Amino acid sequence: MCSSDLASLSYETGAAGPPTSATITFQTFRGTAGSAQSFQSGMILASEIGPLAGKAYFVTGPALDAYNSNGGPSGDLGAPTSDVRVVNALNQQDFEGGTIRFANGATRATVAKNTRQPIVFATPSTVIAGSAVHLVAGGFNNGVSVTVSQSGQPDFLVTVPAGSYAWDVWVPSTAPSSVITVSAT
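Rules behind the numbers
Residues numbered from 1 in each chain as written. Predicted model: local features only at pLDDT ≥ 70, side-chain atom pairs only at ≥ 80, totals over all residues. Heavy atoms only, no water. 1 Å grid on protein atoms, 1.4 Å probe; cavity = no way out; pocket = protein on both sides within 12 Å on 5 of 7 lines; lining within 4 Å. Points joined across faces, edges and corners; volume = space filled by probe spheres on them. Helix = DSSP H or I, 4+ residues; strand = E, 2+ residues; numbered from the N terminus. Nonpolar A, V, L, I, M, F, W, Y, C, P; charged D, E, K, R; others polar. Salt bridge = Lys/Arg side-chain N within 4 Å of Asp/Glu carboxyl O. Buried < 20%, exposed > 50% of the residue type's maximum accessible area, 1.4 Å probe, protein only.

Student: Would you mind showing me how to read the layout of surface pockets here?
Tutor: Once rolled over the atoms, a probe with the size of a water molecule shows which space is left empty. What the largest pocket holds in volume is close to 610 Å³. Taken together, 23 residues form the lining of the largest pocket, with V127, V171, S178, V179 and I180 sitting closest to its centre. Looking at the lining of the largest pocket, the elements that each hand over two or more residues are strand 9 (119–123), strand 10 (131–138) and strand 13 (165–171). Here the residues of the lining of the largest pocket sort into 16 nonpolar, 7 polar and no charged.

Student: Explanation requested: the pattern of salt bridges in the structure shown.
Tutor: Between side chains of opposite charge, a pair can form as their charged atoms come close. Applying the stated criterion across every chain, the model contains 3 salt bridges. The shortest N-O distance in the salt bridge between K113 and D76 comes to 3.0 Å. In this pair, K113 sits in strand 8 (residues 110–113) while D76 sits in the loop between helix 2 (61–69) and strand 5 (85–87), placing the two residues 37 residues apart along the sequence. Here D76 falls in the partly exposed class, since its relative accessible area comes to 31%. Between D76 and R116 there is a salt bridge; the shortest N-O distance is 3.1 Å.

If you want it as structure tokens, here you go:
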């Protein structure tokens, strides 16, 4: 876990408390990849690949209980996309796949899930010859088969147990400049 993530929570003497587990890696149904670590008072999730790259969020209290009940980062909610904030007099935390809300002092939270929307992205979005690109097709329901099409390559079929599929492609140094289209259905 990044020390700057802990620094924002005052390390072990702050809101998170001391760590209670080792860091684990995750990949969400949208293809966001990162690491998570449990602490005495919550969990910090740091996204390293995908649209949320470079962001870290703290999940705690009733939100953490609801989040874990829905599979944590590899479940229906995916990675957090915000910290807890007050919306219409309720505490709310947003995730890739929905929202968790709870009142001050509550022991239970309400989960509202979003309909999954397919997404394809590349990291980096512009690639130079002689380098690699990380591709992700995500946002699918768990366990479905997805046909992936890529310009100049034969289509291939993958099953996405957790809703996403990621792969790396090496672009040869002799590759001409062009636009490559990747789609998944």
